[in-house]
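Architecture at a glance
Next come the chains, spelled out residue by residue.
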Protein chains: 2
Amino acid sequence: MLDATLTLQLRQIVGEKFYRDDPEALVAHSYDGTPMLQSLPDGVIYPENTRQVADIMKALAAYRVPVVSRGSGTNLCGGTVPVQGGVVMVMHRMNRIMEVDLENLTATVQPGIITADFAVHIESLGLFYPPDPSSMKISTIGGNIAECSGGLRGLKYGTTKDYVIGLEAVLANGEIIRTGGKLMKDVAGYDLTKLLVGSEGTLAIITEATLKLVPPPASKKTMLAMFKDLYGAARTVSRIIEMRIIPATLEFMDNATIRVVDDFAKLDLPLDMKAILLIEQDGDPDTVERDIERIREICELERADRIVVAETREQAERLLTARRSAFTALARLRPTTILEDATVPRSRIADMVLRINEIARKYKVSIATFGHAGDGNLHPTATTDARDHEEIHRVEQAFEEIFEAAISLGGTITGEHGVGLVKAPFLEWKIGTAGMEVMHGIKRAFDPHNLLNPGKIFAKETRKRVVIDRGH
Amino acid sequence: MLDATLTLQLRQIVGEKFYRDDPEALVAHSYDGTPMLQSLPDGVIYPENTRQVADIMKALAAYRVPVVSRGSGTNLCGGTVPVQGGVVMVMHRMNRIMEVDLENLTATVQPGIITADFAVHIESLGLFYPPDPSSMKISTIGGNIAECSGGLRGLKYGTTKDYVIGLEAVLANGEIIRTGGKLMKDVAGYDLTKLLVGSEGTLAIITEATLKLVPPPASKKTMLAMFKDLYGAARTVSRIIEMRIIPATLEFMDNATIRVVDDFAKLDLPLDMKAILLIEQDGDPDTVERDIERIREICELERADRIVVAETREQAERLLTARRSAFTALARLRPTTILEDATVPRSRIADMVLRINEIARKYKVSIATFGHAGDGNLHPTATTDARDHEEIHRVEQAFEEIFEAAISLGGTITGEHGVGLVKAPFLEWKIGTAGMEVMHGIKRAFDPHNLLNPGKIFAKETRKRVVIDRGH
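Keep in mind that what you see is a predicted model, and the values were worked out from it rather than measured. (Residues numbered from 1 in each chain as written. Chains lettered and ligands numbered in written order. Predicted model: local features only at pLDDT ≥ 70, side-chain atom pairs only at ≥ 80, totals over all residues. Heavy atoms only, no water.)

1. Some words on the interface of chain A and chain B
- Each partner contributes to the interface: chain A provides 80 residues, whereas chain B provides 80 residues.
- Here chain A and chain B share an interface that buries about 6200 Å² over both sides, 61% of which is from carbon and sulfur atoms.
- Counting the contacts that link chain A with chain B gives 10 salt bridges.
- The partner of B:Glu416 in a salt bridge is A:Lys185, and the shortest N-O contact between them spans 2.8 Å.
- Run the count over chain A and chain B and you get 32 residue pairs in polar contact (both at pLDDT 80 or more).
- Looking at the side of chain A that touches chain B, the elements with two or more residues in it are β8 (176-180), α7 (192-196), α8 (230-242), α10 (285-301) and α15 (427-446) of chain A.
- The residue inventory of the side of chain A that touches chain B, partitioned by class, reads 34 nonpolar, 25 polar and 21 charged. (Contact = heavy atoms within 4.5 Å. Buried area = accessible area lost by both parts, 1.4 Å probe. Salt bridge = Lys/Arg side-chain N within 4 Å of Asp/Glu carboxyl O. Polar contact = N/O pair within 3.5 Å; in protein donor to acceptor, adjacent residues only side chain to side chain. Helix = DSSP H or I, 4+ residues; strand = E, 2+ residues; numbered from the N terminus. Nonpolar A, V, L, I, M, F, W, Y, C, P; charged D, E, K, R; others polar.)

Shown next as structure tokens:
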């Protein structure tokens with residue numbers, strides 16, 4: 001329960017109906033897209049503008065009350081679960097596009113706008129905002145910035161980070177900072193813009209963002225390539241890049257995913273394939289034609305068993321369905337779906353998939369793997385049941401070993417989902433003790449009283465490293 | 001003078017001949033590419049590997065001796081002048097390409113390699129490292145990373161920041177951290193990689209970098225467009241981008257620059273032009289042809305007086321000479337050349353050039369302006385004489401007003417040269433008091449005893465803001 005004087009202040013700042021502490025509001029904001037995590041906040045507040053956010057932060061800071069800012073909460077790392085109570089700040093009312101600047105190719109938006117709504121508006125102006133996290137129909141730009149969301153176009157176009165060029169943010173003490181601007185270049189001091197992107201609400205509350213827009217590609221072509229040999233598929237990925245082709249999309253599904261997707265979406269996929277690659281290229285029509293032709297040749301060279309190039313946009317959509325329905329299809333198998341985010345250099349994808357399969361067998365858990373092959377960003381996904389504690393324990397052990405394996409292959413514990421609560425105990429594995437100390441120092445510089453999304457990124461204890469059993 | 005025990009230790013770490021404190025070595029490392037700045041260090045050290053850098057830092061930290069790490073010192077912000085004495089650490093011996101990974105399209109290098117040597121080697125492998133600061137034949141990759149160097153290809157390809165995906169660095173206490181990796185995506189905690197890029201040697205000493213490489217463009221085309229109307233040239237810049245064309249290069253020279261360049265390089269440029277744009281497009285031949293044709297139409301629409309499209313690579317080189325020789329041509333006019341780096345949203349270029357000209361007239365100083373129009377990154381360049389203190393004072397006043405004007409147009413005090421010593425008093429104008437506090441906090445987190453390049457980025461005092469006389 002918050003102090004009564006504080007709640008009175010908060011109500012005065014946002015207006016009676018935009019501060020809530022009724023059970024419905026508290027329960028609705030006690031969890032996010034991550035399975036098996038829940039923690040009740042003390043209050044939920046809905047600010048309308050930056051001034052209100054600043055006033056709220058001043059009030060909360062005076063009472064040392066933690067705050068978790070959030071959009072739609074689609075993250076998969078427990079990033080917006082209020083584990084230490086306090087106030088959840090919901091940014092949905094701040095959802096305006098302040099400006100689209102056609103001369104500078106920038107857009108300035110509030111954080112609460114839904115990413116897909118923004119992207120569609122930008123498209124209607126003949127421009128393109130490339131980041132396309134799978135959650136984009138529900139997630140907000142602010143949430144995407146907080147987590148540095150990726151998506152299917154990351155290989156060619158980069159991720160959210162590459163499109164944020166200016167920010168307005170409110171610090172823990174209620175002060176407002178502005179970083180960057182409508183500037184393609186700015187080296188005035190440390191790059192606070194890029195530091196805030198991906199900082200998961202632990203350094204400041206983002207209240208406005210200036211985003212870079214790009215010209216849209218003139219055409220696009222989509223293909224599927226299916227392989228009986230996992231290494232053939234992996235070599236295809238590497239070889240496409242080695243041939244100096246950077247496709248817009250280069251996605252991977254393993255056999256377990258193929259089976260589930262086919263059963264779900266009735267796509268008539270061949271169930272004996274070890275891997276399917278979904279490949280898209282965009283750009284000028286001639287370039288696209290030539291690249292797709294060269295990719296087809298590479299697939300044939302690597303003994304793809306079937307190659308389908310979509311001739312129409314409808315056919316392309318059908319091919320895309322295979323990949324897009326992976327999560328939904330897996331989610332209906334068992335009560336609980338845990339989707340992870342291990343990432344390796346793209347040359348190590350096949351090794352990583354084999355390690356994941358070995359680890360799944362070792363712990364007798366069911367893990368299907370799909371993801372962004374071009375980025376080396378894999379989503380090993382466990383289908384399990386949260387009520388079965390013994391099985392969940394095995395799933396957790398398996399994921400620990402998967403993180404360890406990713407790191408030992410030169411990779412990382414998270415490519416696009418963030419650290420949050422779920423991966424905090426493993427962060428030191430990736431960045432080391434000295435790296436953790438530096439990050440702690442940065443956190444203290446922004447938020448000395450640990451009020452901004454406490455408990456995230458930094459774990460009380462680093463998990464002990466498991467001993468990797470190399471299998472074989 | 002350093003403590004004798006310390007110098008003994010330093011000599012033991014690197015070997016007798018790689019620690020020097022003879023006058024020649026001290027004087028040679030008392031200045032950099034920035035005019036009018038000099039300060040003697042106490043010693044100069046040349047480490048051979050990361051282990052030595054770590055040991056040096058441990059020794060220096062124990063004695064609280066400052067250190068300025070540097071490559072070739074081509075920076076223009078006083079970034080490597082050892083203003084508080086101490087040790088200058090020269091990274092030239094650490095100049096190896098550790099690996100070029102053709103599967104992952106990455107290169108891992110030591111910081112002391114000359115940027116052009118690296119770029120040429122990468123080209124010989126059929127790949128492309130786009131950042132091309134004008135200093136690249138002399139400057140090092142480590143220096144480029146420290147300053148987040150830009151170049152002529154920034155508009156389409158971005159700057160150094162966009163190509164650094166992993167770092168090894170030694171902290172002030174001698175500990176070694178590793179950030180990122182051969183990973184296209186990594187959101188494991190705060191983005192230390194991007195934070196270190198552009199941190200000007202004030203946070204850590206970079207000992208190894210993993211760089212992203214891209215496929216090279218298949219072809220390239222170069223043109224000059226000359227305008228009697230400054231706004232016509234500026235509108236051309238905006239309109240090219242509005243037409244969804246992102247040229248590889250889009251450079252600008254004002255009338256003062258044109259006159260000097262023509263006199264220097266005998267290019268037969270028309271001296272009555274208010275502006276010349278140098279435009280290059282690269283990519284697939286068809287796309288390049290089409291883009292250049294569309295750009296030519298835009299130039300005609302905006303009443304360009306002369307348009308020259310190079311038909312051969314030799315002709316293109318000749319056109320490029322005009323822009324490339326700007327600094328050299330200006331530098332021979334008077335004893336001292338001060339090249340600045342104000343940056344505005346690209347839609348404000350004409351306004352900014354006019355403001356620069358007004359300010360130059362007001363202070364009776366000679367300023368020519370050229371730069372990266374596509375990025376809004378202008379280099380107003382004063383030709384003056386350091387021995388004339390009264391004139392230098394007027395030049396300084398003029399630049400203060402130029403920085404102020406850039407900020408008031410939504411711009412920044414530095415687009416690609418860094419803050420260093422020269423722009424430190426103006427940084428607060430751009431990022432505000434709260435922003436300065438956050439940056440101070442970050443600095444303390446990395447370097448609590450202020451040993452790494454002290455005196456840079458953070459000034460003892462912020463310059464008082466000048467009152468802008470709007471002219472007219």
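Next comes the rest of the write-up.
2. Details of a nonpolar patch on the surface
Residues and elements named next belong to chain A.
- A contiguous nonpolar surface patch, about 270 Å² in accessible area, is contributed by Val27, Tyr31 and Leu40.
- With respect to the helices and strands, the residue valine 27 is situated in helix α2 (residues 23-28).
- Judged by relative accessible area, which is 40%, valine 27 ranks as partly exposed. (Patch = residues over 30% accessible without salt bridge, like charges linked within 9 Å, V, L, I, M, F, W, Y side chains within 5 Å. Areas by Shrake-Rupley, 256 points an atom, 1.4 Å probe, with all protein chains shown as cover. Buried < 20%, exposed > 50% of the residue type's maximum accessible area, 1.4 Å probe, protein only.)

3. Quick notes on the UniProt feature "domain: FAD-binding PCMH-type" (unreviewed entry) in chain A
- In this numbering, the UniProt entry assigns the feature "domain: FAD-binding PCMH-type" (unreviewed entry) to residues 37-216 of chain A.
- For the annotated span residues 37-216 of chain A, helix accounts for 22% and strand for 22% of the residues, and the straight-line distance between the end C-alpha atoms is 39 Å. (UniProt positions renumbered as here; feature names shortened; annotations may be inferred.)

4. With respect to the pairing of strand β11 (residues 249-254) of chain A
Residues and elements named next belong to chain A.
- Of all 6 residues that make up β11, 6 are buried, and the element is covered over most of its length.
- Alternating residues of β11 divide into Thr249, Glu251 and Met253 and Leu250, Phe252 and Asp254, and every residue in both groups is buried.
- Here β11 pairs with strand β12 (residues 275-283) via 6 bridges, running antiparallel. Counted as the bridge partner of leucine 250 is isoleucine 279 from β12.
- Where β11 meets strand β15 (residues 367-372), 2 bridges bridge the pair, whose relative direction is antiparallel. Bridge pairing in β15 links methionine 253 to phenylalanine 370. (Pairing = 2+ DSSP bridges.)

5. Some points on the domain arrangement of chain A
Residues and elements named next belong to chain A.
- Partitioning chain A into structural domains gives domain 1 (4-90), domain 2 (97-212) and domain 3 (218-417).
- The gap between the C-alpha centroids of domain 1 and domain 2 is 22 Å.
- Roughly 1200 Å² is buried in total at the junction of domain 1 and domain 2, and carbon and sulfur atoms are behind 65% of that figure.
- Linking domain 1 to domain 2 there are 0 salt bridges.
- Counting the contacts that link domain 1 with domain 2 gives 2 residue pairs in polar contact (both at pLDDT 80 or more).
- For the side of domain 1 that touches domain 2, the elements supplying multiple residues, two or more each, are α3 (50-62) and β3 (67-70). (Domains from an automatic or database assignment.)

6. Considerations on the packing of helix α13 (residues 349-362) of chain B against helix α14 (residues 389-408) of chain B
Residue and element names in this part refer to chain B.
- Taken N-terminus to C-terminus, the directions of α13 and α14 make an angle of 155°; their axes are 10 Å apart at the nearest point. It follows that α13 is roughly antiparallel to α14 by the angle criterion. Crossing hand, α13 versus α14: right-handed. Of the residues in α14, those touching α13 at Met352, Arg355, Ile356, Ile359 and Lys362 are Ala398, Glu401, Ile402, Ala405 and Ala406.
- Residue composition of the contact of α13 with α14, grouped by class: 7 nonpolar, no polar and 3 charged. (Axes fitted to C-alpha atoms, helices over the stretch in contact; angles between N-to-C directions. Parallel < 35°, antiparallel > 145°, perpendicular 65-115°, else oblique. Left-handed = near helix turned anticlockwise from the far one by under 90°.)

7. Some points on the relation of the copies chain A and chain B
- Between the two copies, chain A and chain B, the superposition gives an RMSD of 0.0 Å; the rotation angle is 180° and the shift along the axis is 0.0 Å. A rotation of that kind, with that shift, is consistent with a two-fold axis. No C-alpha of chain A approaches the rotation axis more nearly than that of A:Ile442, which lies at 2.7 Å.
- A shared interface surface links the copies, since 100% of the contact residues of chain A are contact residues in chain B too. (Least-squares fit on C-alpha atoms with pLDDT ≥ 70 in both.)

8. Details of the packing of α15(A) against helix α15 (residues 427-446) of chain B
- Contact geometry of α15(A) with α15(B) gives a least axis separation of 8 Å together with a crossing angle of 150°. As the angle between them shows, α15(A) and α15(B) are arranged roughly antiparallel. Read as a crossing pair, α15(A) and α15(B) show a hand that is right-handed. For the pair formed by α15(A) and α15(B), the contact residues are A:Val438, A:Gly441, A:Ile442, A:Ala445 and A:Phe446 on the first element and B:Val438, B:Gly441, B:Ile442, B:Ala445 and B:Phe446 on the second.
- Considering only residue class, the contact of α15(A) with α15(B) consists of 8 nonpolar, 2 polar and no charged.

9. Some remarks on the state of the cysteines
All names here are of chain B.
- Tallied over the full model, the rule gives 0 disulfides over all chains.
- We note that cysteine 148 lacks a disulfide partner, and the nearest cysteine sulfur, in cysteine 77, lies 12 Å from it.
- Classification of cysteine 148 as buried rests on a relative accessible area of 3%. (Disulfide = S-S within 2.5 Å.)

10. As for the environment of B:Ala188
- With respect to the secondary-structure elements, B:Ala188 resides in the loop between β8 (176-180) and α7 (192-196).
- Taking the C-alpha atoms as reference, B:Ala188 lies 39 Å from B:Arg11; in sequence the two are 177 residues apart.
- Setting aside chain neighbours within four positions, we find B:Ala188 in contact with A:Thr412, A:Ile413, A:Thr414, A:Val419, A:Leu427, A:Lys430, A:Ile431 and A:Met439.

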